Amino acid sequence: MSSSFDPKRVVKGIINVLPVLSGELAEVINLEVIKKWIDSITHYSETQFILELVAADLDLSCKEKETVKANTTYVGFDDESKMFIYKCEFEVPEEFGEIGALLIENEHHRERYIKNIVLDDGNVVFSCESWIHSKHDDPNKRIFFTDKSYLPSETPAGLKYLREEDLLSLRGKDKKERKSFERIYDYDTYNDLGDPDSSSDLARPMLGGKEHPYPRRCRTGRAMTEKEPWSESRKRLHFYNQFYVPRDESFSDRKVVTFGTMEILFSVLEALKASLHIFSNANQQFLSITDSIELEFSFIESSIEKVLTYIFDKWADLNHLENVIKVVVPRFFRDLYGSVKTVAHIDGARRKDKISFSWFRDDEFCRQTLAGINPYSIQLVTEWPLISKLDPEVYGPAESAITKEIVEKEINKQGIRGFMTLEEALKQKKLFLLDYHDLLLPYVNEVRELKGTTLYGSRTLMFLTATGTLKPVAIELTRPPNKEKPQWRHVYIPSSNPKDVTIEAWLWKLAKAHVLAHDSGYHQLISHWLRTHCVTEPYIIATHRCLSKMHPIQRLLFPHLRYTMQINSLARLFLINAGGIIESTFFPGKYSMQLSSDVYAQQWRFDHEALPADLINRGMAVEDSSALHGIKLIIEDYPFANDGLILWDAIKQWATSYVNHYYPQADLVESDEELQAWWTEIRTVGHGDKKDEPWWPQLKTQQDLVGVVTTIMWVTSGHHSAVNFGQYTAAYSPPRPTIARTKMPNEDSTTEEWEKAFLKNPEHELGNCFPSKDQSKKVKSTLDVLSSHSPDEEYIGVNMEPAWETEPIINTAFEVFRGSLKNLEDTIDSRNSDPNLHNRIGKGSVPYQLLKPKSEAGVTGKGVPYSISI
């Protein structure tokens, strides 16, 4: 599409500016702030922008051509597009040629969000989607390029300087504390999780460096603490004064509403503590399983009406506002109300019926490893006996107490024909393991010194039956030696009768509770936080620092990187900080983030983040060129892997078409200086603690690039969705306790503990092992919100980026991608209706649809956004 113009032609432009609530409106219970915002709306008509067109080519003397300037005029608010409209006119000289870029200066005292700028009746489009700072905050003009993508070597001569200038502006020129309007991306360690100035108990080690390797986060430049000069201060941090993130990484207004619901709940419910009897004892335990279920389902429902009443009473006087207020505020209320009601109900009756007692069944306990929220831990057993790699001088005998005799006795209870030996089970790939032994054992003695929690190293052995489902064989719990006692360990075996109420059956239930707590902690800290949120932040920083906005790979990855830095900063503020939600509700307590650092150091590899490589690494698949996805699953009915591989292939095919279009020859990949700088910075800075590892992929060919970007796109979409949006079912203590508060009754118990406590009322002891009621409510509130899709969620394959639309080949490739995702939707529906696929829908449980691409807003248990957006 040509963007050259006739002599002295007047080129008209339309600037579309979004009405924004801004971060101030997130303070939903602060009416004075709202009134200030309302007053500011009147100034929209006074807002002026100065625009300058930049020619793509140089003049005949090889110099940059003079820019063409124009002032904007406010037109009004468009009811259809729901945007403020400005117009401008440029007098473009004959020799100007093709427009390549645009400079913008915001004359107003407040920032504005420009969605796009359309020139010449759509012949030239600038997809801005960005905050424009006030010139009073920063005199530098903003730079935007047209939607046409260029490799660095193909950059029009008139734009080369601006291309580099724009990248330099994103890297920053100083190490000062960052300001909220800035868009500077830089790296720092996780040295801001502790708060030593408030209390020595809140001091935490710095994550990142030789002692505790870790990915890097975005640098904020905040001052250091007084007591620890290596720790960044958390003074004056709260929900409305958060960590710095580059301005365009901030949530949209509707996302603020959705995520803000959690803060509303916490703040209002905190004020209601005195009137809610269920808050009377923070450490109150569950008296029975029924007690835990009933309280879980009554908590939000009994509190939510107070929240809604409070908010709507405060805001009732806003209904008379006109124009944008009519549009924006009701939308805000509608989204807020929908989000809160979703958190409150979440199809409660259906979930209560399906979840309440399914946890008691061993088949559901095992099925969750294949179709639950942590499908990343189960692994094939390939060697026997099970041997620890830890030092036996420190941790005790290395060989597992799960013997051949135990295994053969248990697997031959499963109704198979004849007698199967251990060796036959290994050869036929029938034995699978959840192994939290070596990872957790070094933390056991330290965690046991914390109040209200305990810990073991654990191994859970499972057997694959003829029906394709898993059955538990044994659970081994181990306590390492300490100064006073030798190693303690015990093997628990399941009862053949699910209604068994013997002492052994209750011990088995308690052992499962401990394993589930281990799996919950691993899921939240590793499968979820570390392997998606945390490792992605360096990709985002490097992408903005190294790849120009006109680079095709930047535009391919952009939708996959949106909002992640904001949600990560909120995690540092509320979730993973010292004394935060994770430490106060999950078993590692104050050692939670240190544990995630250990896993990063010992286990994380970029090349294993690709789904096929991950499955092969865990022994859950083998390479097979004749198989549908190039690999063959060991467990054929593995819902996460079955659906995930279809999504992986769709993403890879889309990435392949995209990369091959812009890099028709391999040498273009290796000679792309921006691309090579990007990959180098990811490896040596963002993940610098692992820079010398030999497994990092090279970046020399199109295939190399496809592999790298596909992995990043998968992690931010499929991987994250699989471990995040099903968390609402994990918000209930019986199926997924996040902490085990008491040791096993048969571990060094006194006669009184054994007879008067456990034997007299084993169900009471099981309830005492679960998280307290206060912990359960906190986890429930948090996970329900984190499982929610915002109304403006960007689902993978739905909307086409403007830059993709301008290239016919890319447009066609995206339509193929979109079609593949539609086929995935249909395939998931078909699989969930197949009665032979027992692992997709357990007895009394919801179907597996976490990787179904589309979803409605709210908590749905399905939907794959492009990015880690919550």
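Before going into details, it helps to say that this report is about the structure given with it. (Residues numbered from 1 in each chain as written. Predicted model: local features only at pLDDT ≥ 70, side-chain atom pairs only at ≥ 80, totals over all residues. Heavy atoms only, no water.)

Before going further, it helps to examine the overall build of the protein. Looking only at helices and strands, one finds 27 helices and 20 strands in the protein. Looking at the protein as a whole, 60% of its 870 residues qualify as buried. Residue pairs in contact within the protein that sit at least 24 positions apart in sequence constitute 75% of those at least 6 positions apart. When the accessible area of the protein is evaluated, it comes to approximately 34700 Å², of which 50% is carbon and sulfur surface. (Helix = DSSP H or I, 4+ residues; strand = E, 2+ residues; numbered from the N terminus. Buried < 20%, exposed > 50% of the residue type's maximum accessible area, 1.4 Å probe, protein only. Contact = heavy atoms within 4.5 Å. Areas by Shrake-Rupley, 256 points an atom, 1.4 Å probe, with all protein chains shown as cover.)

Quick look at the environment of K509 now. With respect to the helices and strands, the residue K509 is situated in helix α13 (residues 503-546). Residue K509 is classed as buried on the basis of its relative accessible area of 10%. Considered as a pair, K509 and L766 are 257 residues apart in the sequence and their alpha carbons are 7.8 Å apart.

What follows covers the environment of L530. Of note, L530 is situated in helix α13. Measuring from C-alpha to C-alpha, the distance between L530 and V599 comes to 8.7 Å, with 69 residues separating the pair along the chain. With residues near it in sequence (within four places) discarded, L530 still touches Y214, P215, L525, V535, S596, V599 and Y600.

The next thing to look at is the packing of aromatic side chains. Tallied over the full model, the rule gives 32 aromatic pairs. The interplanar angle of 40° and the centroid separation of 5.4 Å between the aromatic rings of W804 and F814 together place this pair among those described as tilted. Of this pair, W804 sits in helix α26 (residues 802-805) while F814 sits in helix α27 (residues 808-832), and the two are 10 residues apart along the sequence. For the pair formed by W804 and F814, the shared burial category is buried. What links up through ring pairs into an aromatic cluster is the set Y190, Y214, W529, Y539, Y600, W604, F606, W678, W679, W695 and W696. (Phe/Tyr/Trp six-rings, centres within 6.5 Å; stacked < 30°, edge-to-face > 60°.)

Moving on: the sheet that holds strand β3 (residues 68-71). Within the open sheet, the four strands sit side by side as β3-β2-β6-β9. Their pairing is antiparallel. Pairing within the sheet leaves two strands with one partner each, and these edge strands are β3 and β9 (142-145). Across the sheet, the mean angle from the axis of one strand to that of its neighbour is 25°, orientation sign disregarded. Here strand β2 (residues 49-55) pairs with strand β6 (residues 99-106) via seven bridges, running antiparallel. Considered in β6, the bridge of E52 is made with L103. The sheet strands contacting helix α2 (residues 160-171) are β2, β6 and β9, and the helix crosses β9 at an angle near 125°. (Pairing = 2+ DSSP bridges. Axes fitted to C-alpha atoms, helices over the stretch in contact; angles between N-to-C directions.)

Right, let's talk about the nonpolar core for a bit. Counting 154 residues, the largest nonpolar core has I553, L615, W654, Y663, W678 and V709 as the members making the most contacts within it. Among the elements that take part in this core, α13 stands out by supplying 21 residues, more than any other. When near neighbours in sequence (up to four residues on either side) are disregarded, V709 contacts I553, L556, L557, A655, V659 and W678. In terms of nonpolar packing, the next biggest core, distinct from the first, is built from 27 residues, I15, V92, I104 and L119 among them. (Core = buried A, V, L, I, M, F, W, Y, C linked by side-chain atoms within 4.5 Å.)

In this section: helix α9 (residues 404-411). Listing the buried residues of α9 in full gives V407, E408, E410 and I411. End-on view of α9: buried residues confined to an arc of 165°, all on one side of the axis. Along α9, exposed side chains directed more than 90 degrees from the buried face belong to E405 and K409. On its buried face, α9 is in contact with α10 (422-427), β13 (431-436), β14 (457-464) and β15 (470-479). (Arc of directions from axis to C-beta.)

If charged atoms from side chains of opposite charge come close, those side chains can pair. Per the counting criterion, the structure on display carries 46 salt bridges. Residue K148 pairs with E807 through a salt bridge whose shortest N-O separation is 3.8 Å. One end of the pair, K148, is in the loop between β9 and α2; the other, E807, is in the loop between α26 and α27, with 659 residues separating them in the sequence. Between D689 and R216 there is a salt bridge, with the nearest N and O atoms lying 2.9 Å from each other. Here D689 is found in the loop between α21 (673-686) and α22 (702-724), whereas its partner R216 is found in the loop between β10 (187-188) and β11 (217-218), with 473 residues between them in sequence. Within this structure, D188, D192, R217, E232 and R572 form a network of salt bridges that share partners. (Salt bridge = Lys/Arg side-chain N within 4 Å of Asp/Glu carboxyl O.)

All told, the structure shown has 14 cavities of 30 Å³ or more when counted by the stated rule. The computed volume of the largest cavity comes to approximately 230 Å³. Sorting the residues of the lining of the largest cavity by element identifies α13, α15 (564-575), α16 (581-585) and α25 (773-786) as the ones contributing at least two each. No other element matches the five residues that α13 contributes to the lining of the largest cavity. Of the residues belonging to the lining of the largest cavity, the class tally is 14 nonpolar, five polar and no charged. (1 Å grid on protein atoms, 1.4 Å probe; cavity = no way out; pocket = protein on both sides within 12 Å on 5 of 7 lines; lining within 4 Å. Points joined across faces, edges and corners; volume = space filled by probe spheres on them. Nonpolar A, V, L, I, M, F, W, Y, C, P; charged D, E, K, R; others polar.)

What follows deals with the pairing of β2. Burial of β2 is extensive: six of the seven residues sit out of reach of the surface. Pairing between β2 and β3: four bridges, direction antiparallel. Residue pairing in the sheet places E52 in a bridge with K69 of β3.

Let us look at the sheet that holds strand β5 (residues 83-92). In spatial order, the strands read β4-β5-β1-β7-β8; together these five strands make up an open sheet with antiparallel pairing. Of all the strands in the sheet, just β4 (73-78) and β8 (124-132) have a single pairing partner and so form its edges. Pairs of neighbouring strands in the sheet enclose a mean axial angle of 25°, with direction left out of account. Of the strand pairs in this sheet, strand β1 (residues 9-17) and β5 are connected by nine bridges, and their pairing is antiparallel. When the sheet's bridge partners are listed, N16 is paired in β5 with I85.

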